[in-house]
Amino acid sequence: MSACPGACLICGSARFAPLFTASDRLYHTTAKLFSVVRCGDCGLIRLHPPPAPDELHRYYPDNYWFAPDSSAASRLEEAYRRLVLRDHVRFAAQAIAHSRAHGPLLDAGCGGGLFLGMMRQRGVRVLGLDYSREAAAIAWRRQQAPAVCATLDAAPFRAGSIGALTMFHVLEHLYDPRAYLTAARELLEPDGRLIVQVPNAACWQFRLLGRRWNGVDVPRHIFDFRGRDMEMLLHGCGFEVVRRKYFSLRDNPAGLASSLAHWLDPMARRVRRIRESGGTRLAKDLAYLALVAASLPFTVLEAAFGAGSTVMIEARRR
Ligand SMILES: [Zn+2]
């Protein structure tokens, strides 16, 4: 164990042990090696040391967002995204049904806003927030979802005005996830619901694939939470867990496919601006889709044992 200047987010311990080093396997934004460590006391896994903000900024490609064009491959991708997002939509709709809150749903880290568009089509009032101005603009333009460019702890919304707040794959990217959870608690109505989703480092995929598991997404993921880490963090920020789900149709099979063949990952090919003809792009997309389908049984099985590669949690204020 080494002494660590940065204390553990969950338990405050300064002790940690190195797990592995890795580079940006998915998007190739840098060749630099980063080190991933495990807390010597609570076991929380994190990037250590995390890149400085101006450095981290460079590891987020500017074409990170899905903006469909009129090509066949793009139409296929949007149809696929809608199909697999129904899982998230259903989970959020159930959380809203459980609650007596009346305020709108706010999606923090809304990206291009497809989720918000689908919730809006179900009659839910929606708001979006994203760190990227371009993403917020796409959400507004393509999904008619009013979206602001801001961080959640500086969001221009009244305290106690939000009925449901969703954060899908956001917290693992932040230096201070606690600041977002504290802000979420303030923004929510008393019986409002928080829904968070993060990769689950207690999954079988991580055990089998180690640093090749795409859930670690070095260097963009500062933390690699297990479900229990996430629950401790939520509890410490004044939330109680209502429901948890270890399977996500959008994320788990695709995550395994991208771990096994990251060069086929459609987003990685777009981000890396790999030059492909329309036919090649469609062929690679179909090969990726076949790999995703082949990954489905394993990901369903690991989730059935509470070791799915993502965890989605519904929580309410304590
Ligand atoms: Zn710890």
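Residues numbered from 1 in each chain as written. Predicted model: local features only at pLDDT ≥ 70, side-chain atom pairs only at ≥ 80, totals over all residues. Heavy atoms only, no water.

What to know about the sheet that holds strand β9 (residues 188-199)
Strand order across the open sheet formed by 7 strands is β7-β6-β5-β8-β9-β12-β11, with mixed pairing between neighbours. Every other strand in the sheet has two partners, leaving β7 (147-149) and β11 (239-245) as the edge strands with one partner each. Within this sheet the neighbouring strands show an average axis-to-axis angle of 20 degrees, counted without direction. As judged from the 6 bridges shared by β11 and strand β12 (residues 310-317), these two strands associate in the antiparallel manner. When the sheet's bridge partners are listed, arginine 244 is paired in β12 with isoleucine 313. The strands that helix α2 (residues 72-98) touches are β5 (105-108), β8 (162-168), β9, β11 and β12; relative to β9, the one it contacts most, it runs at about 155 degrees. (Pairing = 2+ DSSP bridges. Helix = DSSP H or I, 4+ residues; strand = E, 2+ residues; numbered from the N terminus. Axes fitted to C-alpha atoms, helices over the stretch in contact; angles between N-to-C directions. Contact = heavy atoms within 4.5 Å.)

Considerations on the packing of aromatic side chains
Working definition: an aromatic ring pair is given by the centre-to-centre distance plus the angle between the planes. All told, the structure shown has 7 aromatic pairs when counted by the stated rule. Relative to phenylalanine 206, the ring of phenylalanine 20 has its centre 6.4 Å away and its plane inclined at 80 degrees; by these criteria the two rings are edge-to-face. With a gap of 186 residues between them, phenylalanine 20 in strand β2 (residues 15-22) and phenylalanine 206 in helix α6 (residues 204-209) connect regions that are remote in the sequence. The buried category is assigned to phenylalanine 20, whose relative accessible area is 11%. A relative accessible area of 10% means that phenylalanine 206 is categorised as buried. Sitting over the ring of phenylalanine 91, arginine 243 keeps its end group 3.8 Å from the ring centre. (Phe/Tyr/Trp six-rings, centres within 6.5 Å; stacked < 30°, edge-to-face > 60°. Buried < 20%, exposed > 50% of the residue type's maximum accessible area, 1.4 Å probe, protein only. Lys NZ or Arg CZ within 6 Å of the ring centre and 35° of its normal.)

A short note on the coordination of the zinc ion
Protein-derived ligands of the zinc ion are Cys8 (SG), Cys11 (SG), Cys39 (SG) and Cys42 (SG), with the metal-ligand distances lying across 2.3 Å. Every donor counted, the 4 donor atoms about the zinc ion form angles of 101 to 114 degrees at the centre, which fits tetrahedral coordination. For the zinc ion, all donor residues lie on one chain, and their spacing in sequence is C-x2-C-x27-C-x2-C. An identical accessibility class is assigned to cysteine 39 and cysteine 42; each is buried. (Donors = N, O, S within 2.8 Å, 3.2 Å for Na, K, Ca; no water. Tetrahedral: all angles 85-135°; square planar, octahedral: opposite > 155°, others 65-115°.)

Observations regarding the pairing of β12
Among the 8 residues that make up β12, 6 are buried, leaving the element largely enclosed by the rest of the structure. Pairing analysis gives 7 bridges linking β9 to β12, with the strands arranged antiparallel. If you follow leucine 194 over to β12, its bridge partner there is alanine 315.

Some thoughts on unusual backbone geometry
A cis geometry characterises the amide bond from histidine 48 onward to proline 49, with omega recorded as -5 degrees. Along the chain, the position of proline 49 falls in the loop between β4 (45-47) and α1 (53-58). At the junction of valine 218 and proline 219, the peptide bond is cis and its omega measures out at 0 degrees in the coordinates. Its location among the elements puts proline 219 in the loop between α6 and β10 (223-224). In this structure, histidine 169 is a non-glycine residue whose phi angle is positive, near 55 degrees. Position of histidine 169 relative to the elements: it lies in the loop between β8 and α5 (177-187). Residue histidine 169 is classed as partly exposed on the basis of its relative accessible area, which comes to 22%. Positive phi is not limited to glycine here, since arginine 273 has a value of about 50 degrees.

Notes on the pairing of β8
Regular strands have side chains that alternate between both faces of the sheet. Among the 7 residues in β8, 7 count as buried, and that is most of the element. Relative to β9, β8 runs parallel, the two being bridged by 6 bridges. Bridging from a neighbouring strand, phenylalanine 168 pairs with glutamine 197 of β9. In this fold, the crossover linking β8 to β9 by way of α5 has right-handed handedness. (Right-handed = clockwise from strand over helix to strand, strands pointing away.)

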